[in-house]
Each structure stands twice: as structure tokens, then as C-alpha cells.
Amino acid sequence: MKMAIGADSIRHITEALREYLTGKGIELVPCGALAGREADYVDAAREVAEKVASGECEQGLCFCNTGTGVSIVANKVPGVRAAFCVDGYSAQIARLANNANVLVLSMRYTGEGLAREIMDAWLATGPSDEPRRKAFHLKTDELDELYRRR
């Protein structure tokens, strides 16, 4: 799997997760400050989101101080479903029920152990095949398409 990963600064949590994901055999595409560039949270989130929306990367991982800023920005890019997750359950539901493709984590509130738990739940879960949830995914895609054409 190829995953875009971006942040506005390099912190212990960003480096710990880069090492963890690389150890799992995931190819990481660094964005923003993680690519060695000057970047604010808007730049980093946009870059990650565009790589996911274009298909260059299957999934994305964004960090910022609280997680709110990159969530807002990433979700502006058509085709992106960014989900701010605070535990393994929220990551599992984001993938299963919402077909999320960009995971958002707070650098301030997410410790390394919790980040691994969230990441493992995210990676172990795919979109649901349950008809009710598939209908939610389709309705979300239709709304995305509606506003993309405006």
C-alpha cells in the first residue's frame, strides 16, 4: 500500500508512526514538513488530500496540533473522506461506516501507543459491504459529485 503522510512540523509522533508504518511494509509518500519543506497545516493537508484524490496514494495520514485544521482542509478536496480519530474504535468505524481514506491524528493529544492502536484498527478495516452502509457511501459520493460540479 502507498500512503501519503503529512504534517506542518516534525514531532516525535510523526517520526514514530513513520517508522511503525514502514516496518509494516507500507510505502510512505512524505508531504509538507515531513518532506523537508516549509509548510503550514493547510499546505500539508492539501498535499496529502490531492495525492489520495488523484489515486497516487490509496490512503493518507495527516497530523496537526489538534487534528481539526487538517480535517477541514483535507475534506475540501473532492474524493477525500478525512476522519479525525481518537481511538481504535473511531478509526474502525471511520473505515467501515464512512469509507474514510485519510486518517487524521492530533500531535498534541495522541501518544505513540494510542497512535499505533488507531493505525492498526485503521489498517485492519475496510469499507463495509453491508447494504445499508454501502448506501451511505453512495449518498456521500453523490453529494461530493454534486458540489464538485458547481
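Residues numbered from 1 in each chain as written. Predicted model: local features only at pLDDT ≥ 70, side-chain atom pairs only at ≥ 80, totals over all residues. Heavy atoms only, no water.

1. Description of the packing of aromatic side chains
For the structure on display, the rule yields 0 aromatic pairs. Here Arg95 stacks its cationic end above the ring of Trp122, 5.4 Å away from the centre of that ring. (Phe/Tyr/Trp six-rings, centres within 6.5 Å; stacked < 30°, edge-to-face > 60°. Lys NZ or Arg CZ within 6 Å of the ring centre and 35° of its normal.)

2. Some points on unusual backbone geometry
Positioned with a positive phi, Asn99 is a non-glycine residue whose angle comes to about 55°. Here Asn99 is to be found in the loop between α4 (88–96) and β5 (102–106). (Helix = DSSP H or I, 4+ residues; strand = E, 2+ residues; numbered from the N terminus.)

3. Regarding the side chain of Thr125
Among the structural elements, Thr125 can be located in the loop between α5 (112–124) and α6 (131–148). On the basis of relative accessible area, Thr125 is assigned to the buried category, the value being 12%. (Buried < 20%, exposed > 50% of the residue type's maximum accessible area, 1.4 Å probe, protein only.)

4. Some points on the nonpolar core
The biggest cluster of nonpolar side chains holds 25 residues, and the ones touching the most others in it are Leu17, Leu61, Phe63, Leu103, Leu105 and Met119. For this core, the secondary structure elements donating two or more residues are β1 (2–7), α1 (12–23), β3 (59–64), α4, β5 and α5. A per-element tally of this core places α5 first, with 5 residues. Dropping the residues within four chain positions of it, Phe63 is found in contact with Ile5, Gly6, Ala7, Asp8, Ile13, Thr14, Leu17, Val70, Leu105 and Met107. (Core = buried A, V, L, I, M, F, W, Y, C linked by side-chain atoms within 4.5 Å. Contact = heavy atoms within 4.5 Å.)

5. Re the packing of α4 against α5
Where α4 contacts α5, the two axes come as close as 8 Å, and the packing angle between them is 25°. What the angle tells us is that α4 and α5 run roughly parallel. With respect to the hand of their crossing, α4 and α5 are arranged in right-handed fashion. In this structure, α4 contributes Gly88, Ala91, Gln92, Ala94 and Arg95 to the contact, and α5 contributes Glu117, Ile118, Ala121 and Trp122. Among the residues forming the contact of α4 with α5, the class breakdown is 5 nonpolar, 2 polar and 2 charged. (Axes fitted to C-alpha atoms, helices over the stretch in contact; angles between N-to-C directions. Parallel < 35°, antiparallel > 145°, perpendicular 65-115°, else oblique. Left-handed = near helix turned anticlockwise from the far one by under 90°. Nonpolar A, V, L, I, M, F, W, Y, C, P; charged D, E, K, R; others polar.)

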